[in-house]
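If you want the building blocks of each chain, they are given just below.
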Amino acid sequence: MPFLGFGQFQALLTGVYAAQDICGIGTYEELTKPLIKSYEHSLILRRALEQINNNTYDFLISHLDGRIGSKIFQESTHNPLKVLSYLIRPFIKKEPRYLRNE
């Protein structure tokens, strides 16, 4: 998920998918669907991080170092960032003003 600013791997994949589409091996739109879903999840997480203050951030990070963090990141068979994006979605405000087309 590129919500932390990373995305080099996805950028390379889209180039490979474009080449495959040009060669007739696959359809670019179909090949990139998983990347688009991942990007949508990352936007939710990014909006959540933009809306919290330093105290809340410190609270969240301190609790990831204990039992909760090990359950989420070590014992879970699911993508924890994807699950987290579904859980916090109802609490996220609409997209920030600078992203809106006004």
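Our subject is the structure that appears above.
Residues numbered from 1 in each chain as written. Predicted model: local features only at pLDDT ≥ 70, side-chain atom pairs only at ≥ 80, totals over all residues. Heavy atoms only, no water.

(A) Layout of the overall build of the protein. For the protein, the count of helices and strands is six helices and zero strands. For the protein, the proportion of its 102 residues judged to be buried stands at 19%. Partitioning the intrachain contacts of the protein with sequence separation of at least 6 by distance along the chain shows that 62% fall at a separation of at least 24. Summed over its atoms, the accessible surface of the protein is roughly 8200 Å², and 59% of this surface lies on carbon and sulfur atoms. (Helix = DSSP H or I, 4+ residues; strand = E, 2+ residues; numbered from the N terminus. Buried < 20%, exposed > 50% of the residue type's maximum accessible area, 1.4 Å probe, protein only. Contact = heavy atoms within 4.5 Å. Areas by Shrake-Rupley, 256 points an atom, 1.4 Å probe, with all protein chains shown as cover.)

(B) Expanded view of the nonpolar core. Grouped together as the largest cluster of nonpolar side chains are five residues: Ile44, Leu45, Ala48, Ile88 and Ile92. A per-element tally of this core places helix α3 (residues 33–51) first, with three residues. In contact with Ile92, other than residues within four places in its own chain, are Ile44, Arg47, Ala48 and Gln51. (Core = buried A, V, L, I, M, F, W, Y, C linked by side-chain atoms within 4.5 Å.)

(C) Representation of the pattern of salt bridges. Under the defined criterion, the tally for this structure stands at three salt bridges. Glu30 serves as the salt-bridge partner of Lys33, at 3.1 Å between the closest nitrogen and oxygen. For Glu50, the salt bridge is made with Arg46, and the minimal N-O distance between the two is 3.5 Å. On the criterion of helical spacing, the pair formed by Glu50 and Arg46 is a turn pair, its members being four residues apart in helix α3. Under the relative-accessibility criterion, Glu50 is labelled partly exposed at 38%. (Salt bridge = Lys/Arg side-chain N within 4 Å of Asp/Glu carboxyl O.)

(D) Summary view of a nonpolar patch on the surface. Together, Leu49, Tyr57, Ile61, Leu64, Ile68, Ile72 and Phe73 make up a nonpolar patch on the protein surface, roughly 600 Å² of accessible area in all. At the level of secondary structure, the elements contributing two or more residues to the nonpolar patch comprise α4 (54–63) and α5 (67–73). Per element, the largest residue contribution to the nonpolar patch is three residues, and it comes from α5. Here Phe73 shows up in helix α5. Taking the relative accessible area as the measure of exposure, Phe73 reaches 47% and is therefore partly exposed. (Patch = residues over 30% accessible without salt bridge, like charges linked within 9 Å, V, L, I, M, F, W, Y side chains within 5 Å.)

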